[in-house]
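Chain by chain, the residues run as shown.
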Amino acid sequence: MRKILGVLFFVFCVNSLFGQGSFSGDLQLNTEFYQSDSLIGANGTPHYDDLLSGAYGWLTTFYRNDQYGIEAGVRFDIFNNSNLHEPGIPYTDAGIGRWYISKKIDALRITGGHIYEQFGTGIVYRSYEERPLGIDNALYGLEIEYAINENWTVKVLGGQMKDLFSQFDPVLKGGTIEGFIPIKKPKITLAPGVTFINRTLDKDNMDIIVGQINSYDLVDRFVPKYNMFAGSVFNALTIKDVTWYAEYAKKTHEAINDGTGQLVDEDGSVIYTSLSYSTTKIGNGFGLTGQLRIVDNWVMRTSPNETLLQGFIDYLPSLTKQNSLRLTARYQAVAQSLGELAYQVNATFTPKKGYTFNANYSKVTNDSLDLFQEIFVDFEMRKTKYKLLLGGQLINYNQEVFENEPDRPIVKTITPFAELTYKFSRKKSMRVELQYQNCKQDFGSWVYGLIEFNIAPKWSFALSDMWNYEPLRTEEALHYYSVFTGYTHKSSRFTLNYVKQIAGIVCTGGVCRYEPAFSGLKAGMVATF
Amino acid sequence: MSMKPFSNKNLMPILAAGSLFFIISACEEVGPAINFTETTYTTYIETPETPQDKVVLIEDFTGAACPNCPDGHIAVADVIANYPNKIIAIAEYNFPSDPLYIEQNMVTSESLDLNGYLGPVSAWPAIFIDRKDFGADGDLEELPANVAASAAEQVTLTAPVNLYIENTFDNVSRTLTVSVKVKYTSTVILPNNLSIVLTESNIIAAQIDDNAGGEVEDYVHNHVLRKTLTFFSGDALPEENVAGRVYEFEYTYALPANWNADNMYAIAFVHNFEADNKEILQSTEREIVD
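Residues numbered from 1 in each chain as written. Chains lettered and ligands numbered in written order. Predicted model: local features only at pLDDT ≥ 70, side-chain atom pairs only at ≥ 80, totals over all residues.

### Let's talk about the overall build of chain A
So, point 1. Counting its secondary structure elements, chain A contains four helices and 32 strands.
So, point 2. Its C-alpha atoms give chain A a radius of gyration of 25 Å, near enough to 24 Å, the size a compact globule of 529 residues would have.
So, point 3. In chain A, which comprises 529 residues, the proportion classed as buried is 31%.
So, point 4. Considering only intrachain contacts with a sequence separation of at least 6, the fraction spanning at least 24 residues in chain A is 55%. (Helix = DSSP H or I, 4+ residues; strand = E, 2+ residues; numbered from the N terminus. Rg over C-alpha atoms; globule rule 2.2 N^0.38 Å. Buried ≥ 20, exposed ≤ 12 C-beta atoms within 10 Å, placed from the backbone. Contact = placed C-beta atoms within 7 Å.)

In structure tokens:
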């Protein structure tokens, strides 16, 4: 590691002296102070019982010199009794969480180190970072990118997926060819691509798999594969205002976890397509989008021995609408990699400037079950002084499947909501949210209110409460409130948030995980330079 | 008519497609060994017995073409002599250059599989004492020089499982029946397997021996692994292995004509069966012909 830092230091210094490079970076720091609250289930873990606090942060620095085609970066990660990666299990370590160096030589770019990359839509391969969920799936290896011409690019890479400060043992290699074909008359564009990935298991992981398979009944045993091959073919066709995207991905058979802990030998596939139409000729703008995805045993991990969000090499986000309001986002359809048929239709219509209607319908099923259904409508009105959002949502949610809670009925919710943002002056504004969720299952019905006051560009204050006013899981009608203050100074932002947060599925960028309840104070800082 | 020069821009997709074809065409792999044989057993609970003293199993990865391997044979013979009835040995011939001569038949598929399972090792001889990681370095194998000390450590232990073995051999049909009883004297949480191995000693065959300055034509090969009656990595002891748990197994095998039953042993051992813990808990052996 010292040698790596030495090389990067050399690159930074030499190019800073002789080149025209730029140096930039940022710091993101979060500290959590835990206050036990047995009523909401925020207790009984080392954080609440003994540790009382935890922190995690990332200090990122980049150097870029276009003159010499050089780019380099180092990121220092720190986790002190962190609750980030596996909520409830403290994790402490610090060190270089990412380093990379990249050099462009004419049409060729070579990158070594920790690499974030995506092939196509990421169905076959995506190495990425999603800090709120503790995901850092960088590839530790080498990537070569070659621009064949201005429209066609080839990328090949190889290495191992990052696992905190080390790597998962299996090896990955792959490549993609992606292009763009413009046809002038009629105005058509094509954006085709082909992607390929090969993952090879290591002996230790295979030993675990073999041990497991040899313990099964004879009929369930199979010879597992070291190598998994996956690939996809995709294309985006655009004809005037219509864009049609289609992708078919296929993987060879390998040992995958069937969701009950049993290994099965299955191949997999994904069909994904979307059709969108967007025009300004209808009213002040009209858009219609439909998406369909059929998933069959698409489990893409470094090995079947990894669980939760560990060791993913693909990106299979929820296909349904990603809601941001507190109660409308309470029940979300986590992508079912073992099998799902998911589709959604979204329409947006702006009859005249300042008035927008939005409607969305989505549904997720698997072979035998309805998993999720959402009907969502909202109306937004923008005026000089205020912005008003009104809407409603109906959801059917299969809690048994999504949260692995046996014998739970389908959760059915009706959630009307309103949001008003009012500007008192150029600097001062206020935002109010009101949401109500009617639910006869799970925790019961909720009311949520938020009032936020902003003094631009420095101060932000917010008070909110999520009230379980018709509780089904607790004796009392509990309040999950939050008191928030944010302060911005130039390019730095500091936040303090006293939070009571209910347990549930938390999603970021369509990727979700279960998080236990939280009670305590969260302090945050983000600074860029 | 002049031909259009072939540009390297055209070459790239062809190379990429060619590489892809090559990678996909190399898809076939042998894969790891999986036990597809049905194992039957009888199991019940009885009052736990008094634990037996530990009998140590030493496995010697060796080879007739391996010049240093006689050092391993000597180290194993020494500890057997020093701890009578407390040490059992198996010589597993899996040196890459073996067999030394094509007529030698000491390399078995099980020996090769065991190298993949316990190693793979990069140097021979490699000696495993109860498949225990004495150096806590992740490697189970030891050098011949370390065998005595490691064996001395192991023989002082008592076993959490008692083992009994009985052999019946029909001289005419050359059918061997091995009966094994596994009796837990204390509860074991980790998954366990039972392995049963046939060995043959006093095989006279050539050996490259650095100590003798080259090839020895009439070298005496002892404890040579001939056959595992269970799967090479053992058959599962799948019940809850509490104190008092008893398993009864019976295996039948017809010995090939060129194996000398008078020089053969049946060895049974119970071992942990996890990727990072393969330690042998107890071993026992019995001559095939008493």
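Moving on from the coordinates now.
### Observations concerning the overall build of chain B
So, point 1. What chain B contains, in helices and strands, is four helices and 15 strands.
So, point 2. When burial is assessed residue by residue, chain B has 39% of its 290 residues classed as buried.
So, point 3. Contacts in chain B between residues at least 24 apart in sequence constitute 73% of all its contacts with a sequence separation of at least 6.

### Concerning the interface of chain A and chain B
So, point 1. Counting residues at the interface gives 26 residues for chain A and 22 residues for chain B.
So, point 2. Listing elements by their share of the side of chain A that touches chain B, those giving two or more residues are β13 (171–179), β15 (188–200), α3 (203–214) and β16 (227–239) of chain A.
So, point 3. When residues of the side of chain A that touches chain B are assigned to their parent elements, the largest contribution, eight residues, is made by α3(A).
So, point 4. Among the residues forming the side of chain A that touches chain B, the class breakdown is 15 nonpolar, seven polar and four charged. (Nonpolar A, V, L, I, M, F, W, Y, C, P; charged D, E, K, R; others polar.)

### Description of the packing of helix α2 (residues 69–82) of chain B against helix α4 (residues 147–154) of chain B
When two helices pack together, their arrangement is given by the angle between the helix axes and by the axis-to-axis distance.
Residue and element names in this part refer to chain B.
So, point 1. At a minimum axis separation of 10 Å, α2 and α4 run at an interaxial angle of 35°. By crossing handedness, the relation of α2 to α4 is classed as right-handed. Seen from α2, the contacting residues are A75, V76, D78 and V79; seen from α4, they are V147, A148 and A151.
So, point 2. Taken together, the residues that form the contact of α2 with α4 break down as six nonpolar, no polar and one charged. (Axes fitted to C-alpha atoms, helices over the stretch in contact; angles between N-to-C directions. Left-handed = near helix turned anticlockwise from the far one by under 90°.)

### A short note on α4(B)
Residue and element names in this part refer to chain B.
So, point 1. For α4, the set of buried residues is V147, A151 and Q154. Along α4, the residues classed as buried sweep out an arc of 60° about the axis, all on the same side.
So, point 2. Lining the buried residues of α4 we find β2 (56–62), α2, β3 (87–93), β4 (126–129) and β5 (141–142). (Arc of directions from axis to C-beta.)

### Side note on α2(B)
So, point 1. Over its 14 residues, α2(B) extends 20 Å from the first C-alpha to the last, a length consistent with the 20 Å expected when each residue adds 1.5 Å.
So, point 2. The secondary structure elements touched by the buried residues of α2(B) are β2, β3, β4, α4 and β9 (203–209) of chain B. (Expected span 1.5 Å × (residues − 1).)

### Some details on the sheet that holds strand β1 (residues 42–45) of chain B
All names here are of chain B.
So, point 1. Strand order in the open sheet formed by four strands is β1-β13-β7-β6, and the pairing between neighbours is antiparallel. Two strands in the sheet have a free side with no partner beyond their single neighbour: β1 and β6 (161–170). Put simply, the sheet's adjacent strands are angled 15° from each other on average, direction ignored.
So, point 2. Bridging between β6 and strand β7 (residues 175–184) involves 10 bridges; their strand directions are antiparallel. Across the sheet, the residue bridging to V161 is Y184, located in β7. (Pairing = 2+ DSSP bridges.)

### Concerning the environment of A462(A)
Residues and elements named next belong to chain A.
So, point 1. Counting through the fold element by element, A462 comes out in strand β27 (residues 459–471).
So, point 2. Among the residues examined, A462 registers 17 C-beta atoms within 10 Å and is labelled partly exposed.
So, point 3. Sequence spacing of A462 and K490 is 28 residues, and the spatial spacing of their C-alpha atoms is 21 Å.
So, point 4. For A462, the contacting residues outside a window of four places in its chain are L450, I451, E452 and F484.

### Considering the pairing of β15(A)
As a general feature of sheets, a regular strand has side chains that alternate between the two faces.
Residues and elements named next belong to chain A.
So, point 1. Both β13 and β15 contribute to a ladder of eight bridges, which runs antiparallel. Opposite V171, over in β15, you have T200 as the bridge partner.
So, point 2. Sheet topology note: the strand β14 (residues 181–183)/β15 ladder contains three bridges and is antiparallel. Looking across to β15, one finds that I181 is bridged to L190.
So, point 3. As paired strands, β15 and β16 are joined by 13 bridges and run antiparallel to one another. If you follow P192 over to β16, its bridge partner there is N235.

### Concerning the confidence of the model for chain B
Residues and elements named next belong to chain B.
So, point 1. Per-residue confidence for chain B averages 89 on the pLDDT scale, and 91% of its residues sit at or above 70.
So, point 2. Segment residues 1–6: pLDDT under 50, and one contact once partners within four positions in sequence are set aside and those in other chains are kept.
So, point 3. We note a pTM of 0.80 for the whole complex and an ipTM of 0.72 for its interfaces. (pLDDT = per-residue confidence, 0-100.)

### A word on the pairing of strand β2 (residues 53–65) of chain A
Residue and element names in this part refer to chain A.
So, point 1. The sheet contact formed by strand β1 (residues 22–34) and β2 spans 12 bridges and is antiparallel. Within β2, the position partnered with F33 by the bridge is S53.
So, point 2. Following β2, the chain reverses through four residues before pairing antiparallel with strand β3 (residues 70–82); G69 in that reversal takes a positive phi of roughly 65°.

### Observations regarding the environment of Q373(A)
Residue and element names in this part refer to chain A.
So, point 1. Inspection of the secondary structure assignment puts Q373 in strand β22 (residues 370–382).
So, point 2. A C-alpha to C-alpha distance of 9.6 Å links Q373 and A342, two positions 31 residues apart in sequence.
So, point 3. Dropping the residues within four chain positions of it, Q373 is found in contact with K363, I395 and N396.

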